[in-house]
Amino acid sequence: MGIKVAKFGGTSLAEAAQIRKVQAIVQSDAERRYVVPSAPGKRHAQDKKITDLLYLCHAHAQQAISFDQVFQIIADRYRQIVADLALKLDLSPHLMLVKERIAATAREGGGPDYAASRGEYLNGLIIAELLGYDFVDAADIIVFDAHGRFDSEATQALTSRRLAQHQRAVVPGFYGAKVDGSIKTFSRGGSDISGAIVARGVAAAVYENWTDVNGLLMADPRIVPDPLPMEVVTYRELRELAYMGATVLHDEAIFPVRKAGIPVNIRNTNEPAHPGTMIVRDADPVTHLGSITGIAGRKEFSVIAIEKAMMNAEVGFGRRLLGVLEDHGISYEHTPSGIDTMSVVVADSQIDGKLEKVLADIRVVCEPDTLEVYPHMALIATVGRGMAHTPGIAARVFAALAEARVNIRMIDQGSSEINIIVGVQNGDFDVAVRAIYAAFVKK
Ligand code: ASP
């Protein structure tokens, strides 16, 4: 098959029992040659993530308050893990150095990055020891420029060159270093990005992202009970779903692998036999024609609706209308239009405090016959590459909504045919999402 890069999230590494599962997963496939660990996460709902405790150490040190106690909790957790795994590794010198450096960084006025990154660093040492893999410090291969911006090309060159020298390696997630050698972290949850960078660097056949769920879900589980995971989703579909509010991988995390055309496989450490979700290139052949991939939506939109006789014959009408929005720095979502009507869908957060001024300007610039605003709208996107060239998909969406007695206020389908968007009242949102889901997914 080719090289696999396996990134493991915090819950997969929260304690020795979880780490044993990780070990079994890695050792069950000789292609899993590069492993990117997060820091130990929560063992139970009330637990603390190591990364949060490290940020706390830095915050205390910065205020010249002793962080001995917090650091002790961190040290104890790592020592416990090492003991439970019966490893020979002596973490003491590492822990001592980390503690000293956290204090020194704070004294010198440095940011929290060094402290925060040590969760992954220490965990990386442990996982490398357990697996018998080389340890490659992310600070040596992931580059940020002097302004702290990630340098993708320098990183790619360095990562591919350095990792080629290691048959098997553990690279801690979440951080790299600036050119002056100081540590810099990605945004929270950034080990996903590190995993993608390593995958691109070694030209992996697949980037496995191991977490604690069976993949990306077809709908929000707070709305649809027990939604199924998506089997296959393309990068483009994912972007549509993420934009509409689905919690999926960070755009930044997708970017390096998307660029290189490497598929991402989201897997569950607690259920390794489950195939999870495969995120594939947009160009890959469509399977499951006639099906949908996922549903996502957001509330709190307004529709500004304009009617004007003979609008269709008026050159530049749309530009003038959108120009008003541009003048007010408002970005819009959709512009459904008819012969004599044009509406603009905008997020409420965009027009807060500006609406009256915007309407006044539209009246002057567009001279509409009527101008109305419909507030409290929700948008729901039904996304699926399997919808293209398949008659009846929209009909199923609309029939489901009709049956659930949801009034559709707006319909929009992009020319790509991978997305049908309906606008409904905020109050109908949950019912509508459940109805669409039920229309496509048979229990
Ligand atoms: N440990 C870091 C965090 O908690 C990064 C990660 O887990 O991806 O944000």
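Note that the coordinates shown come from a computational prediction; the quantities given were computed from them, not determined experimentally.

Chemist: How should I be thinking about the overall build of the protein in this particular structure?
Modeler: Across its full length, the protein holds 14 helices and 16 strands. Along the three orthogonal principal directions, the C-alpha set of the protein runs to about 80 × 50 × 40 Å. Counting all 443 residues of the protein, 51% fall into the buried class. Across the protein, every contact between residues at least 6 apart in sequence was considered, and the portion connecting residues at least 24 apart equals 75%. Accessible surface, the protein as shown: approximately 20,200 Å² in total, 52% of it carbon and sulfur.

Chemist: How should I be thinking about the sheet that holds strand 16 (residues 419–425) in this particular structure?
Modeler: Backbone hydrogen bonds are what pair the strands of a sheet, in a parallel or an antiparallel way. Read across the sheet, 5 strands follow the order 13-12-14-16-15 without closing on themselves; strand pairing throughout is antiparallel. Each edge of the sheet is formed by a strand with only one pairing partner; in this case those strands are strand 13 (341–347) and strand 15 (410–413). In this sheet, adjacent strand axes meet at a mean angle of 35° when their direction is disregarded. Relative to strand 16, strand 14 (residues 370–383) is paired through 7 bridges, and the arrangement is antiparallel. Bridge assignment links I380 to a residue of strand 16, and that residue is V422. Against the sheet, helix 8 (residues 235–243) engages strand 12 (294–307), strand 14 and strand 16, with an angle of about 65° to strand 12.

Chemist: Help me understand the pairing of strand 13 in this model?
Modeler: Within a regular beta strand, the side chains point alternately toward one face of the sheet and then the other, so they alternate between its two faces. With respect to burial, strand 13 is a largely interior element, 6 of its 7 residues being buried. Across 7 bridges, strand 12 lies against strand 13 in antiparallel orientation. Within strand 13, the residue paired with I304 across the bridge is V344.

Chemist: What exactly am I supposed to notice about the pattern of salt bridges here?
Modeler: Close approach of charged atoms lets side chains of opposite charge pair. All told, the structure shown has 17 salt bridges when counted by the stated rule. With its nearest N and O atoms 3.0 Å apart, the salt bridge here joins D52 to R188. One end of the pair, D52, is in helix 2 (residues 50–62); the other, R188, is in the loop between strand 7 (183–185) and helix 7 (191–201), and 136 residues separate them in sequence. Of the charged contacts in the structure, one is a salt bridge between D145 and R149, with a shortest N-O distance of 3.3 Å. Several salt bridges converge on common partners, so that one network encompasses R43, D47 and R77.

Chemist: What is the right way to read the sheet that holds strand 3 (residues 134–135) from this model?
Modeler: In space, the 8 strands of this open sheet follow the order 3-5-2-1-8-10-11-9, with mixed pairing throughout. Across the chains shown, the open sheet's two edge strands, defined by having one partner strand only, are strand 3 and strand 9 (232–234). Sheet topology note: the strand 8 (residues 206–211)/strand 10 (residues 264–268) ladder contains 5 bridges and is parallel. Of the residues in strand 10, the one forming a bridge with Y207 is V264.

Chemist: Would you take a moment to explain helix 8 for this structure?
Modeler: Residue pairs spaced three or four apart in an α-helix point in one direction, given the helix's 3.6 residues per turn. The complete set of buried residues in helix 8 reads Y235, E237, L238 and L241. Taken down its axis, helix 8 places every buried residue within 155° of arc, on the same side. G245 occupies a position one or two residues after helix 8 and carries a positive phi of about 105°.

Chemist: What's the story with the site of the ligand in this structure? I'm lost.
Modeler: Around the ligand sit S38, K49, T51, E120, F174, R188, G189, G190 and S191, and those are all the residues in its vicinity. Relative to its unbound accessible area of 260 Å², the ligand is 94% covered by the protein chains. Split into classes, the residues belonging to the shell around the ligand amount to 1 nonpolar, 5 polar and 3 charged.

Chemist: What exactly am I supposed to notice about the packing of aromatic side chains here?
Modeler: Each aromatic ring pair is specified by the distance between its two centres and by the angle formed by the two planes. Per the counting criterion, the structure on display carries 6 aromatic pairs. The side chain of R409 reaches across the aromatic face of Y374, ending 4.8 Å from its centre.

Chemist: Just checking my understanding: could you explain the environment of V280 for this structure?
Modeler: Along the chain, V280 turns up in strand 11 (residues 277–280). Spatially, the C-alpha atom of V280 lies 9.9 Å from that of V257, the residues being 23 residues apart in sequence. Excluding its chain neighbours within four sequence positions, the residues that come into contact with V280 are V232, V233, T234 and Y235.

Chemist: Teacher, can you tell me more about unusual backbone geometry here?
Modeler: With the exception of glycine, the majority of residues adopt a negative phi angle, and the majority of peptide bonds are in the trans configuration. Of note in this structure, D226 is not a glycine but carries a positive phi near 50°. Position of D226 among the secondary structure elements: in the loop between strand 8 and strand 9. Despite not being glycine, H376 shows a phi value in the positive range, around 55°. For H376, a relative accessible area of 46% puts it in the partly exposed group.

Here is what the cut-offs are and how they apply
- Residues numbered from 1 in each chain as written.
- Predicted model: local features only at pLDDT ≥ 70, side-chain atom pairs only at ≥ 80, totals over all residues.
- Heavy atoms only, no water.
- Helix = DSSP H or I, 4+ residues; strand = E, 2+ residues; numbered from the N terminus.
- Buried < 20%, exposed > 50% of the residue type's maximum accessible area, 1.4 Å probe, protein only.
- Contact = heavy atoms within 4.5 Å.
- Areas by Shrake-Rupley, 256 points an atom, 1.4 Å probe, with all protein chains shown as cover.
- Pairing = 2+ DSSP bridges.
- Axes fitted to C-alpha atoms, helices over the stretch in contact; angles between N-to-C directions.
- Salt bridge = Lys/Arg side-chain N within 4 Å of Asp/Glu carboxyl O.
- Arc of directions from axis to C-beta.
- Near = heavy atom within 4 Å.
- Nonpolar A, V, L, I, M, F, W, Y, C, P; charged D, E, K, R; others polar.
- Phe/Tyr/Trp six-rings, centres within 6.5 Å; stacked < 30°, edge-to-face > 60°.
- Lys NZ or Arg CZ within 6 Å of the ring centre and 35° of its normal.

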